[in-house]
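Structural features, examined
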Amino acid sequence: MASVTFRNIVKRYGDLTVVDNLNIEVADKEFLVLVGPSGCGKSTSLRMLAGLEEISDGEILIGDQVVNNVAPKDRNIAMVFQSYALYPHMTVYDNMAFGLKLRKTPKEVIDRKVKDAAKNLGIEHLLQRRPRQLSGGQRQRVAVGRAIVRDPKVFLMDEPLSNLDAKLRVEARSFISRLHQQLETTFIYVTHDQVEAMTMGTRIAVLNAGRLQQIDTPYNLYHNPHNVFVAGFIGSPAMNFFDARLKSDGESVVVDTGVFQIQIPAHEAAPYRSHVGKEVILGVRPENIHDRRFQPADIEPAPVTANIEVVEQMGSEIVLYLEEGGKTFIARTDPRTHARVGARIDLAIDVANIHIFDRQTELSLAYETKLEAIARRNNN
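Let me begin by describing the structure that accompanies this report. Sequence order as written defines the numbering, with residues in each chain counted from 1. Local features in this predicted model are restricted to residues whose pLDDT is 70 or higher, and side-chain atom pairs enter the listing and the counts only when it is 80 or higher, whereas totals over whole chains, interfaces and linings include all residues. Derived side-chain values reflect all non-hydrogen atoms in the structure, with water molecules and hydrogen atoms excluded from consideration.

**What to know about the nonpolar core**
Condition: By convention a nonpolar core is built from buried Ala, Val, Leu, Ile, Met, Phe, Trp, Tyr and Cys residues, the set being connected through side-chain atoms within 4.5 Å. For every residue, the accessible area (1.4 Å probe, protein chains only) is compared with the maximum for its type, and the residue is labelled buried under 20%, exposed over 50%, or partly exposed between those bounds. Residues are treated as being in contact if the distance between any of their heavy atoms lies within 4.5 Å.
Grouped together as the largest cluster of nonpolar side chains are 45 residues, with contacts concentrated most on M96, V114, V144, I176 and Y189. When residues no more than four places from it in sequence are discounted, the contact partners of I176 are F31, Q140, M157, P160, L161, F187, Y189 and M200. The next biggest cluster of nonpolar side chains, apart from the first, holds 31 residues, and it includes I308, L322, L347 and V351.

Here it is, written out as structure tokens:
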């Protein structure tokens, strides 16, 4: 098995920079997900690691070896593509065996590896079929099986679930996560779907416009986003953002949106005091805005009232699209909520789970405070 290192990686197409100074260290046996919107550079980064794209600058290491000039076939990696790239004229068996045949692996070894992989993947009854006779989920397993038999150091997966329907995607997520645990191999997985990223990755690297925004555990990305982009990208429905100003209220700090105010308790106000009087961005996740009648007993609520514009009955919850004072936002409320379009509703914002960002830098004020503390320590 092997670690993977992206060291100051740059990819340019002429004057266009699509990956800009990417630095990531992937530990041996880790499941890292590269996530971001279309065009952010995640697939290009994966293809540079696979050797399918040239690197403009920087180094990629697999283990301790720099592989910039190593041919794809010699990198000991296996890649599963979005299209699965199966040979239509070959059987499942021959598709899975093809790479081993190119390596001139003995027939008996090929047979054992293909049948063992097929058994583990639950496709041993499909070995004599051709790709056109398979469902999308079955084709995906064949593509994974073709990678498994090679015993690669690193598995690379480029949006392998995007061609599956919603039910199969859920099943396939679980299947790939179990596969990672079983194989104990390094996985690097590319997706634009943040739900896939959050449910599968041990760590997630969020990219935007070719730059790494944050790399962290799913928990920290959700609860401690470093900037507005990460906060808005992670979570569904997306985080609500409000233009606001910080004001002082004695020992406390108040976030004033012009429509409602949130008082930050004195013991939590330290990261925000230096920004009092400045304009900020307030972030609140929809799941932290509650119907006041059914708010959790353990939260510190900030009241807000709003007009209901759209109601989505989801069974386990109700999603409300709201408007107040020209500001629109979303709440995920208790399924007992009685909501109808055109009515007003009393809500409670969970003060302990708000996020405040610098208007200019779009960095979290808590994260800015941490960076400033690190800079002071480094200067001393």
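Once the structure has been displayed, the description carries forward.
**Re the sheet that holds strand β17 (residues 318-324)**
Filter applied, for reference: In this analysis, strands are considered paired if DSSP registers two or more bridges between them. Helix numbering and strand numbering both begin at the N terminus, where a helix is a DSSP run of H or I of at least 4 residues and a strand a DSSP run of E of at least 2. Axes here refer to lines fitted to C-alpha atoms; in helices the fit is confined to the stretch in contact. Angles between the N-to-C directions go from 0 to 180 degrees.
Spatial strand order, β15-β19-β16-β17-β18: five strands in an open sheet with antiparallel pairing. At either margin of the open sheet sits one strand with a lone partner, and together these are β15 (289-291) and β18 (327-333). Here the average twist between neighbouring strands, direction ignored, is 50°. Alignment of β17 against β18, held across seven bridges, turns out to be antiparallel. In the strand pairing of β18, L320 is matched with A331.

**A few points about the packing of helix α2 (residues 92-102) against helix α3 (residues 107-121)**
Defined as follows: Here is the rule for angles: anything less than 35 degrees is roughly parallel, anything more than 145 is roughly antiparallel, 65 through 115 is roughly perpendicular, and the remaining ranges are oblique. By definition, turning the near helix anticlockwise from the far helix through less than a right angle yields a left-handed crossing, and turning it clockwise yields a right-handed one. Residues are grouped as follows: Ala, Val, Leu, Ile, Met, Phe, Trp, Tyr, Cys and Pro are nonpolar; Asp, Glu, Lys and Arg are charged; every other residue, Gly included, is polar.
Contact geometry of α2 with α3 gives a least axis separation of 10 Å together with a crossing angle of 135°. It follows from the interaxial angle that α2 and α3 lie oblique. By crossing handedness, the relation of α2 to α3 is classed as right-handed. Here α2 contributes Y93, M96, A97, L100 and K101 to the contact with α3, which in turn contributes I110, D111, K113, V114, A117 and A118. A class-by-class count of the residues in the contact of α2 with α3 yields eight nonpolar, no polar and three charged.

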